[in-house]
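Breakdown of the fold
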Amino acid sequence: MSDWAIEARGVRKVYGEGDIAYQALRGVDFRVARGEFVMLSGPSGSGKTTLLSILGCVLRATEGSVRLYGTDITAAKERDLPSLRMSHVGFIFQGHNLIASMSVADNVGLLLELRGWSRRDARAESLRLLADVGLADLGDRPPRDLSGGQRQRVAIARALAGSPPVILADEPTASLDAQSGMKVTETLKALATERGHTVIVVTHDNRIYHLADRIVRIEDGRIVDEPHA
Ligand SMILES: Nc1ncnc2c1ncn2[C@@H]1O[C@H](COP(=O)(O)OP(=O)(O)OP(=O)(O)O)[C@@H](O)[C@H]1O
Ligand SMILES: [Mg+2]
């Protein structure tokens, strides 16, 4: 088994073809250790969401290789990507994407039921995951009853369902006030430091940078070593 949680080499991503082809990633080499809490920052359009989506088996790289816990996801067949994603990655999308018509607990348990868990076991596990993120009593409420920060923590609980080793979050604090943003970030950090998950957070939010083990900067589709002032 590889020592690295994530190993990306020479990753390129081209959107579109011919005259409208756009190279969003221009050769990204990026490694993350197991249990590391990394923030990925960079200007709008620099390729952050693209990189996160490739690491999360949501998008395919045009070129290059990506290994997650030793498994080469770039060599995988298209039809195997969803199951690779399920076993390796919990994704927290920007804007949390909770289903409004379902209770908070059902939002968290849905993926477990899709994986074949019984309804009863999925519910017990989702209540446990919600308690872990400080939302023990809110399982039966609809998402609209929760604050922005609480919803973002539901999204974290949902990403943890099935305990994938890698947790990827795309701008989880973007719509939150400073205090909720800090709490959400602390929850994500604890997943790495206390539970051994490998966590990458895409963020522009300089209020939370101090919590990172490492900040990686991406500009114009490339990783740059030194943050620009
Ligand atoms: N589906 C797509 N088709 C064509 N171009 C795309 C597509 N998705 C992203 N791009 C382009 O690729 C580049 C990188 O996009 P990406 O979403 O990864 O940036 P980002 O760093 O996440 O930006 P932001 O901070 O605004 O979220 C941008 O120039 C974008 O316009
Ligand atoms: Mg983005």
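The shown structure was predicted, so the numbers you read here are calculated from the model rather than taken from an experiment.

Below, the discussion takes up the overall build of the protein. Of regular secondary structure, the protein possesses 6 helices and 10 strands. In terms of C-alpha radius of gyration, the protein reaches 17 Å, essentially the compact-globule figure of 17 Å for 229 residues. Projected onto its principal axes, the C-alpha positions of the protein cover 50 × 40 × 40 Å. Within the protein, the fraction of its 229 residues that count as buried is 48%. Expressed as a percentage of contacts within the protein between residues at least 6 apart in sequence, the contacts between residues at least 24 apart total 69%. Accessible surface computed for the protein: about 11000 Å², of which carbon and sulfur atoms make up 47%. Between the mean site of the 29 positive side-chain charges and the mean site of the 29 negative ones, the protein shows a separation of 3 Å.

Next up on the list: the layout of surface pockets. If you add up the space inside the largest pocket, you get close to 350 Å³. As for the largest pocket, its lining consists of 20 residues, of which R85, M86, F91, F93 and L111 are closest to the centre. For the lining of the largest pocket, the secondary structure elements donating two or more residues are helix 2 (81-88), strand 6 (89-92), helix 3 (104-114) and helix 5 (148-160). With 4 residues, helix 3 is the single largest residue contributor to the lining of the largest pocket. Residues that form the lining of the largest pocket fall into these classes: 15 nonpolar, 2 polar and 3 charged.

Scanning the model with the defined rule gives 2 cavities of 30 Å³ or more in all. The calculated volume of the largest cavity comes to roughly 50 Å³. As for the largest cavity, its lining consists of I54, C57, L59, R60, A61, I73, T74 and L81. Residues belonging to the lining of the largest cavity are distributed by class as follows: 6 nonpolar, 1 polar and 1 charged. Quantified by volume, the second largest cavity comes out at close to 40 Å³.

The next thing to look at is the nonpolar core. Counting 34 residues, the largest nonpolar core has F37, I92, L130, V154, I156, L188 and V199 as its most contacted members. For this core, the secondary-structure elements that each account for two or more residues are strand 3 (37-41), helix 3, helix 4 (119-132), helix 5, strand 7 (166-170), helix 6 (178-193) and strand 8 (198-202). Broken down by element, the residue count for this core peaks at 6 residues, all from helix 5. Not counting residues within four places of it along the chain, the set of residues in contact with L188 comprises F37, I92, I156, I167, A169, P172, V199 and V201.

Cut-offs and rules
Residues numbered from 1 in each chain as written. Chains lettered and ligands numbered in written order. Predicted model: local features only at pLDDT ≥ 70, side-chain atom pairs only at ≥ 80, totals over all residues. Heavy atoms only, no water. Helix = DSSP H or I, 4+ residues; strand = E, 2+ residues; numbered from the N terminus. Rg over C-alpha atoms; globule rule 2.2 N^0.38 Å. Buried < 20%, exposed > 50% of the residue type's maximum accessible area, 1.4 Å probe, protein only. Contact = heavy atoms within 4.5 Å. Areas by Shrake-Rupley, 256 points an atom, 1.4 Å probe, with all protein chains shown as cover. Lys, Arg positive; Asp, Glu negative; His and termini not counted. Charge placed at Lys NZ, Arg CZ, Asp CG, Glu CD. 1 Å grid on protein atoms, 1.4 Å probe; cavity = no way out; pocket = protein on both sides within 12 Å on 5 of 7 lines; lining within 4 Å. Points joined across faces, edges and corners; volume = space filled by probe spheres on them. Nonpolar A, V, L, I, M, F, W, Y, C, P; charged D, E, K, R; others polar. Core = buried A, V, L, I, M, F, W, Y, C linked by side-chain atoms within 4.5 Å.

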